[in-house]
Amino acid sequence: MTVTSVLGQGRQKRLTEIYRGAKEAGGLLTKVRLDIAVNQDFVEPAIKAITKGAHTGDVGDGKIFVVDLAECVRISSAERGSAAIG
């Protein structure tokens, strides 16, 4: 799992700020991005756990993108595939 602080904008309403006396609409909001690799058997349980923990019912709860990994290689042991994911 990797956790990254990012800037982005989804369907949230833009924030309005005063900058040097002028009213401006800010476009990017601070967000957190999680990159999580799981074996095929854990895809649905991971989706359910993330959805349960992150759901507030408000716009901005986020999205889950599920993508196939072409390959995974653990550098320290040269394991490949699901063994490398853990």
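Here the structure is shown first, and the text comes after it.
Residues numbered from 1 in each chain as written. Predicted model: local features only at pLDDT ≥ 70, side-chain atom pairs only at ≥ 80, totals over all residues. Heavy atoms only, no water.

Caption draft 1: Just the overall build of the protein chain, in detail. Regarding its fold elements, the protein chain presents two helices and four strands. When the helices and strands of the protein chain are read in sequence order from the N terminus, they spell out β-β-β-β-α-α. Buried positions account for 7% of the 86 residues belonging to the protein chain. Long-range pairs, those at least 24 residues apart, make up 33% of the contacts in the protein chain with a sequence separation of at least 6. About 7500 Å² of surface is accessible on the protein chain, with carbon and sulfur atoms providing 54% of the total. (Helix = DSSP H or I, 4+ residues; strand = E, 2+ residues; numbered from the N terminus. Buried < 20%, exposed > 50% of the residue type's maximum accessible area, 1.4 Å probe, protein only. Contact = heavy atoms within 4.5 Å. Areas by Shrake-Rupley, 256 points an atom, 1.4 Å probe, with all protein chains shown as cover.)

Caption draft 2: Structural view of the side chain of Asn39. Within the secondary structure, Asn39 sits in the loop between strand S4 (29-35) and helix H1 (43-54). Using a relative accessible area of 15% as the deciding quantity, one classes Asn39 as buried. In this structure Asn39 touches Ser82, Ile85 and Gly86, once residues within four positions along its chain are discounted.

Caption draft 3: Here's a closer look at the environment of Ala83. Along the chain, the position of Ala83 falls in helix H2 (residues 82-85). For Ala83, a relative accessible area of 41% corresponds to the partly exposed category. Ala83 sits 11 residues away from Cys72 along the chain, and the two C-alpha atoms are 8.7 Å apart.

Caption draft 4: Examining the environment of Val73 more closely. Here Val73 lies in the loop between H1 and H2. We classify Val73 as partly exposed; its relative accessible area is 39%. Considering only alpha carbons, one finds Val73 and Ala83, 10 residues apart in sequence, at a separation of 8.8 Å. Ignoring sequence-local partners within four residues, the contact set of Val73 consists of Glu79, Arg80 and Ala84.

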